[in-house]
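Notes for the structure review
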Amino acid sequence: MIDDRPVMLITGGSRGIGAATARLAASRGYAVAINYRAEREAAERLVAEIESKGAVAWAIQADIGVEAEIEAMFAALDARFGRLDVLVNNAGIVDQVCRVEAMSFERVERMMRINVAGPFICAREAIKRMALQHGGKGGAIVNVSSAAAHRGGANEYVDYAASKGAIDTFSEGLAKELASDGIRVNVVRPGVIRTEIHASGGRPDKPEQSAKGIPLGRAGEVEEIAGGILWLASSEASFTTGAVLDIDGGV
Ligand code: NAP
């Protein structure tokens, strides 16, 4: 253990919404564990930036689509910090724009493995460490869903939308299951946010193109999502569990 800072684990923290969440959490006194899959340099740069401000950060590689890597990540977290207070299930993927009739089994399986099974197993490992019944001190889980969960993702990525719908339902059930264990579970549901995820789906210009369909007239910024995540994680949200916070410009 380093000191008495609360520890927040953020999956997919090397860039985008996860990196903004890490910066904000560190500025508010959390020690942040920043998980990444491939971009080690980006994660290490973020750690250096946070540490240069006198805060505590640590980068940990793990593919959250692989159970053994998740288990190893939590074991390493135990060794590094000896505690866990908040899990942010942020890592997620989209795939190339594609209609359902052209989707392969492998595509759908990968989507569900990374966007659904990964967060489930991360939550399982967090529960073992935070739940009162397991000797933990309680805590919070914030799951990052998407406005696509209620909009459906038609003609773009229905598989992605369905994976986020699963996250919403998972969170509703888990919040009830863990209420007596001192763990609150909530969802942040971003609309279109300016990150690199759109390029990975073959639509780098999606934020600009979507702006006219968004009541507030623009795509969102990563800091606007991080603020919601930090609020749900904090004691200011002590009576909030099973909630979905839409941060989407009004879509
Ligand atoms: P992003 O910029 O593409 O960043 C994704 C992050 O997830 C990266 O740190 C990436 O790490 C990590 N990641 C991807 N696959 C992973 C895996 N298998 N294991 C571990 N880490 C993995 O995405 P973002 O836009 O910030 O999205 C973050 C979350 O918000 C996602 O769940 C996404 O679905 C959700 N969301 C985003 C938007 C939006 O418009 N941006 C809207 C609604 C919801 P590497 O770089 O190392 O691969």
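Use the structure listed above.
These lines cover the structure that appears in this document, whether it is placed above or below. (Residues numbered from 1 in each chain as written. Predicted model: local features only at pLDDT ≥ 70, side-chain atom pairs only at ≥ 80, totals over all residues. Heavy atoms only, no water.)

Observations regarding the packing of aromatic side chains
- Taken as a whole, this structure holds 3 aromatic pairs when the rule is applied.
- Arranged with centres 3.9 Å apart and planes meeting at 20°, the rings of F120 and F170 form a pair that is stacked. Of the two residues, F120 sits in helix α4 (residues 105–130) while F170 sits in helix α6 (residues 158–178), which places them 50 residues apart along the sequence.
- With a relative accessible area of 38%, F120 lands in the partly exposed category.
- Between Y157 and Y160 the ring centres are 5.0 Å apart and the planes differ by 70°, which places this aromatic pair in the edge-to-face class. Y160 matches Y157 in its accessibility class, with the two residues each being buried.
- Taking NZ or CZ as reference, R80 lies 5.0 Å from the ring centre of F81, over its face. (Phe/Tyr/Trp six-rings, centres within 6.5 Å; stacked < 30°, edge-to-face > 60°. Helix = DSSP H or I, 4+ residues; strand = E, 2+ residues; numbered from the N terminus. Buried < 20%, exposed > 50% of the residue type's maximum accessible area, 1.4 Å probe, protein only. Lys NZ or Arg CZ within 6 Å of the ring centre and 35° of its normal.)

What to know about the site of the ligand
- Near the ligand there are 32 residues, and of these S14, A38, N90, Y160 and T195 occur at the shortest range.
- Between Y160 and the ligand, the recorded distance is 2.6 Å, taken from a side-chain N or O atom to an oxygen atom.
- Relative to its unbound accessible surface of 900 Å², the ligand loses 97% to contact with the protein.
- Of all the secondary-structure elements, those providing two or more residues to the shell around the ligand are α1 (16–27), β2 (31–36), α6 and α7 (197–200). (Near = heavy atom within 4 Å. Polar contact = N/O pair within 3.5 Å; in protein donor to acceptor, adjacent residues only side chain to side chain. Areas by Shrake-Rupley, 256 points an atom, 1.4 Å probe, with all protein chains shown as cover.)

Observations regarding the environment of A68
- Inspection of the secondary structure assignment puts A68 in helix α3 (residues 67–81).
- Residue A68 is classed as exposed on the basis of its relative accessible area of 52%.
- The sequence separation of A68 and V56 amounts to 12 residues, and the corresponding C-alpha distance is 26 Å.

Let's talk about the pattern of salt bridges
- Under the definition given, this model contains 24 salt bridges.
- In this structure, the salt-bridge partner of R124 is E125, at a minimum N-O distance of 3.0 Å.
- In this structure E125 comes out as buried when scored by relative accessible area, which is 4%.
- Notably, a salt bridge pairs E125 with R129, separated by 3.1 Å at the nearest N-O pair. Of this pair, E125 and R129 both sit in helix α4, 4 residues apart, which is roughly one turn of that helix.
- Three or more residues are tied together by salt bridges with common partners; here these are E67, E71, D78, R124, E125, K128 and R129. (Salt bridge = Lys/Arg side-chain N within 4 Å of Asp/Glu carboxyl O.)

Some points on the packing of α1 against helix α2 (residues 40–52)
- Following both chains from N to C, one finds α1 and α2 inclined at 20°, their axes separated by 10 Å at the closest point. On the basis of their axis angle, the class for α1 and α2 is roughly parallel. For the pair α1 and α2, the sense of crossing is right-handed. Contacts between α1 and α2 pair A19, A22, R23 and A26 from the former with L46, E49 and I50 from the latter.
- Among the residues forming the contact of α1 with α2, the class breakdown is 5 nonpolar, no polar and 2 charged. (Axes fitted to C-alpha atoms, helices over the stretch in contact; angles between N-to-C directions. Parallel < 35°, antiparallel > 145°, perpendicular 65-115°, else oblique. Left-handed = near helix turned anticlockwise from the far one by under 90°. Contact = heavy atoms within 4.5 Å. Nonpolar A, V, L, I, M, F, W, Y, C, P; charged D, E, K, R; others polar.)

Overview of α3
- Compared with an ideal rise of 1.5 Å per residue, which puts 15 residues at 21 Å, α3 spans 21 Å between its outermost C-alpha atoms and is within 8% of the ideal.
- Regarding α3, the residues found buried are I70, M73, F74, L77 and F81. All buried residues of α3 project into a common sector of 95° when viewed along the axis, lining one side. Set apart from the buried face of α3 by more than 90 degrees, the exposed residues are A68 and A79.
- Buried residues along α3 sit in contact with β1 (7–10), β2, β3 (57–61) and α4.
- With its phi angle positive at about 70°, G82 sits one or two positions after the end of α3. (Expected span 1.5 Å × (residues − 1). Arc of directions from axis to C-beta.)

As for the side chain of R184
- Within the secondary structure, R184 sits in strand β6 (residues 183–190).
- Excluding anything up to four places from it in sequence, R184 contacts G139, A140, I141, L232, A233, S234, A237, S238, T240 and T241.

Here we look at the sheet that holds β6
- With parallel pairing, the 7 strands of this open sheet are ordered in space as β3-β2-β1-β4-β5-β6-β7. The open sheet has two free edges, formed respectively by β3 and β7 (244–247), since each of these has just one partner strand. The sheet shows a mean angle of 20° between the axes of neighbouring strands, direction not considered.
- Here 4 bridges tie strand β4 (residues 86–89) to strand β5 (residues 139–144), and the two strands are oriented parallel to one another. Across the sheet, L87 pairs through a bridge with I141, a residue of β5.
- On top of the sheet, α1 reaches β1, β2 and β6; it is set at about 170° to β1, its chief contact. (Pairing = 2+ DSSP bridges.)

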